[in-house]
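Residue-level structural notes
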Amino acid sequence: MIELEGVPELIDPVMVAAFEGWNDAGDAASTAVAHLDREWKGEVFAALDAEDYYDFQVNRPTVFLDNGVRKITWPTTRLSVVRVGGEKPRDLVLVRGIEPSMRWRSFCNEILAFAHELGVEMVVILGALLGDTPHTRPVPVSGVTSDPDLARTMDLEETRYEGPTGIVGILQEACTHAGVPAVSLWAAVPHYVSQPPNPKATLALLNRLEDLIGLRIPLGELPEDARAWQVGVDQLAAEDSEVAEYVQTLEEARDTAELPEASGEAIAREFERYLRRREPGTGPGPGVATDGGDSPFLRDAGSGRTRPPKPEQPGPEAVPGAEQADPASRPDAEPRAEAAGGPGEESGAESAKDPGPEPEPPVEGAGGDAEE
């Protein structure tokens, strides 16, 4: 039985989750949840037992000094609550952690038990993948779900992906089987600049989340950080003619693919977001706690940025209408999305923290299939 002492009764709560590791290219997804927690001063009210889900030789604990006293931070997943004020206040339950090493079904059941006790109405899982997308264009963000009714009512793609998956796909399916509406939002990170942080991808995820749940999210310095990031990558690309030529090729492919999608609907979404940010009384209200920043786990991503080499096999992915590559024939290839569209529901994007080769899951393109 889960006892939630000190957690008030929540108003129309939505759970927003992200996990470091395979599903978090450029740390874009986990940084987005950390941003929400920081801006709305969330209070950590629960943490999963690290002994149950993590291999400490893979995700090692860290030692730090607190006023001269040595302490240990264990890798785990933590839950916090934030309250968003305004004319229509609502609460967010934030879940941020590391993709577990074992017992994934028990892990998801524990997350869902918290969701049930807190009366969560919908679960939104954020992810990021490495993609054949240029850094000079808007970051593609795909919204996918396993619920046909939710796909229809919220203008999402219904996933039909088959293949390797990560904890994002497992948690979404667990929500579906438990009858909890669940959506996954995926941002595509350029594979040629995959090192964290990637504030442009984080910003794109937050904008899409804002549209999905109808809340105004304070962005702080993210827009300026995103512009600075793009300028920095522009400078790196300009120093290498081969990279500059490759980026131009991606730009041409992306622009050609998106010509039919420059629709009034996309313009209307941007205008609605603009109006929402101008409306008085829709800003963030006080958090449930006055300060959630003491948690050693809720940390910002590192500031290092390097340009990794161009992958040897930039072949096509499982995108509808595109030639599909046989995953078995390319076991060492990186997970990527096509430049022609956004990411799929489950990419298994390889984070910079997880440099080992992984099986390459197919990903969704624009208007295409996604991973479960």
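Just so it is clear, the structure is predicted and the values come from calculations on it, not from any experiment.

A few points about the sheet that holds strand 6 (residues 90–98)
Think of a sheet as strands paired side by side through backbone hydrogen bonds, with each pair either parallel or antiparallel. Strand order in this open sheet of 8 strands is 2-5-6-1-7-10-8-9, and the pairing throughout is mixed. Either end of the sheet is taken by a strand with one partner, and the two such strands are strand 2 (43–47) and strand 9 (157–158). Of the pairings in the sheet, the one linking strand 7 (residues 122–131) to strand 10 (residues 182–190) comprises 9 bridges and is parallel in character. Directly across from Ala-128, in strand 10, lies its bridge partner Ala-187. Contacting strand 1 (14–20), strand 6, strand 7, strand 8 (141–145) and strand 10, helix 6 (residues 199–213) runs over the sheet at an angle of about 155 degrees to strand 10.

Comments concerning the packing of aromatic side chains
Inspection of every chain in the model, using the stated rule, returns 5 aromatic pairs. On the numbers, 5.8 Å between centres and 65 degrees between planes, the contact of Phe-19 with Phe-107 is edge-to-face. Placement of Phe-19 in strand 1 and of Phe-107 in helix 3 (residues 104–118) is noted, with a sequence separation of 88 residues between them. The class for Phe-19 is buried, based on a relative accessible area of 1%. You can call Phe-107 buried: its relative accessible area is 0%. Pairing Tyr-53 with Phe-107 gives two aromatic rings, centres 5.3 Å apart and planes at 85 degrees, and the pair type is edge-to-face.

Observations regarding helix 7 (residues 222–238)
Since one α-helical turn is 3.6 residues long, residues separated by three or four positions face the same way. Counted at 1.5 Å a residue, the expected span for helix 7 with its 17 residues is 24 Å, and the 24 Å between its end C-alpha atoms agrees. All of the buried residues along helix 7 are Leu-222, Ala-226, Trp-229, Gly-232, Val-233 and Ala-237. The arc that holds the buried residues of helix 7, viewed along the axis, is 135 degrees, so those residues lie on one side. Along helix 7, the residues that are exposed and aim more than 90 degrees away from the buried face are Gln-235 and Ala-238.

Some thoughts on unusual backbone geometry
With an omega dihedral of 0 degrees, the bond running from Pro-196 to Pro-197 counts as a cis peptide bond. As for its placement among the helices and strands, Pro-197 is situated in the loop between strand 10 and helix 6. Here Lys-41, not a glycine, exhibits a phi torsion of approximately 50 degrees, which is positive. Within the element layout of this structure, Lys-41 appears in the loop between helix 1 (28–39) and strand 2. Judged by relative accessible area, which is 43%, Lys-41 ranks as partly exposed. Residues other than glycine seldom take positive phi values, yet Asn-67 does so here, at roughly 55 degrees. Position of Asn-67 among the secondary structure elements: in the loop between strand 3 (62–66) and strand 4 (69–73).

Criteria and cut-off values
Residues numbered from 1 in each chain as written. Predicted model: local features only at pLDDT ≥ 70, side-chain atom pairs only at ≥ 80, totals over all residues. Heavy atoms only, no water. Pairing = 2+ DSSP bridges. Helix = DSSP H or I, 4+ residues; strand = E, 2+ residues; numbered from the N terminus. Contact = heavy atoms within 4.5 Å. Axes fitted to C-alpha atoms, helices over the stretch in contact; angles between N-to-C directions. Phe/Tyr/Trp six-rings, centres within 6.5 Å; stacked < 30°, edge-to-face > 60°. Buried < 20%, exposed > 50% of the residue type's maximum accessible area, 1.4 Å probe, protein only. Expected span 1.5 Å × (residues − 1). Arc of directions from axis to C-beta.

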